[in-house]
Amino acid sequence: MHYFLTEEQQMIQELTAQIAREKIRPVRAELDTNEQFPWEIMKILSQADLFGLYIPEEYGGMGGGIFENCLAIEKLGEACIGIATSFAASGLGAYPILLFGGDELKQKYLPQIASGKRLAAFGLTEPGAGSDVSGIQTTAVKDGDHYIINGSKQWITNGGESEIYSILAITDRAKGPRGASFFVVEKGDPGFSFGKKEKKLGIRASATRELIFQDCRIPADRLIGREGMGFIIAMKTFDKSRPGIAALGVGLAQGALDIAVEYARKRVQFGKPIISFQAIQHKLADMAVKTEASRALVYSVARYMDSEPHDVSKVAAMSKVFAGDVAMEVATNAVQVLGGYGYMQDYPVEKMMRDAKILQIYEGTNEIQRNIIGQELNKEYSRLKESFL
């Protein structure tokens, strides 16, 4: 379909598609097997100025929005969402600074992130707390012109590879959700270390590690926003980042669909290509319909969010839950179309099926997304009912 992209947006698509085709596809299987972080690809993306797509020009970025970022993430995701996640996760780490950081904090960190010279990461999840932010145990105690952080973060994407971390910690437990705050912690800060690299079902090119804080001392000016804003910063950050996760799903679904169609056209059974069989045609048709519907929703949500409406939590969650579920379904069906070959590592759909599962889990499980959508619907209809009274 024609989505009426500007000339600049088309260039973003073409550039990222070229990188995916020429640089990512030849190495995706090797990086997955060796569980190797894609530093060479990150350097290529940095040289192409893609890390700054959503960052304002005054901080060294391209001045684009969520939509431009989603276009890039989608095309990278067609080849490998493990590599694309490594790219997208830097944006997740940058958003708290971009949305709530003071000008000095922005001037210090955003140009480094926009250039791709230093990756960012986002630290919220803990062994006993993820979607339930009230369970956060990591603390930050003010000590003169410093904060001392103690605790740990679990399953952090880009953990150990990134140099800039946006970290949620409790500054006043008595205030409940209003007692959490965000800080910038740098790799190399005293008392900041990393746990083992996790071994995962999928997205194995993406690094996932525990972050460990033992009397980690950081300057007080690394507080993002004000004390007590942590919960708000986390929710606003996820609103901005979830369409990017959805774009990964669109990319993966399109990549799996392309492979399935190509295979079905070449695979001959009973004297003719299996794409001539109605059972295969219908399966591919359903895959195509849902992939395009997913893309239409993600593009619409991203453009809507770039218009800076007041409340976007519902539509951000919708894009993430739908695209994630579609990616899982399409990847699974691609394996089915390829049959025995699809189950083998010789074809990338086996990897795509393993990779797709994470889209229903990270940055808020799809069950949590449905909770958010339901809660927002309840609020909307409550307001609607009141307007008729």
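Computed from a predicted structure; not experimentally measured.

Visitor: I'd like a rundown of unusual backbone geometry, residues and numbers included.
Guide: Positioned with a positive phi, Glu35 is a non-glycine residue whose angle comes to about 50 degrees. For Glu35, the position within the fold is in the loop between α2 (28-34) and α3 (39-47). Despite not being glycine, Glu363 shows a phi value in the positive range, around 55 degrees. Position of Glu363 relative to the elements: it lies in the loop between α10 (349-356) and α11 (366-387).

Visitor: Quick rundown of the domain arrangement of the protein? Include the residues and the values.
Guide: Parsing the protein into structural domains produces domain 1 (7-119), domain 2 (121-229) and domain 3 (231-380). Spacing between the C-alpha centres of domain 1 and domain 2 amounts to 22 Å. Taken together, the 27 residues of domain 1 in the interface contact 25 residues of domain 2. Across the domain 1/domain 2 interface, buried area totals approximately 2,300 Å², and carbon plus sulfur atoms make up 60% of it. When residues of domain 1 are sorted by the area they lose upon contact with domain 2, Glu35, Arg118 and Leu119 head the list and together hold 26% of the total. In this structure, the salt-bridge partner of Arg118 is Glu163, at a minimum N-O distance of 2.8 Å. At the surface where domain 1 touches domain 2, the tally comes to 12 residue pairs in polar contact (both at pLDDT 80 or more).

Parameters at a glance
Residues numbered from 1 in each chain as written. Predicted model: local features only at pLDDT ≥ 70, side-chain atom pairs only at ≥ 80, totals over all residues. Heavy atoms only, no water. Helix = DSSP H or I, 4+ residues; strand = E, 2+ residues; numbered from the N terminus. Domains from an automatic or database assignment. Contact = heavy atoms within 4.5 Å. Buried area = accessible area lost by both parts, 1.4 Å probe. Salt bridge = Lys/Arg side-chain N within 4 Å of Asp/Glu carboxyl O. Polar contact = N/O pair within 3.5 Å; in protein donor to acceptor, adjacent residues only side chain to side chain.

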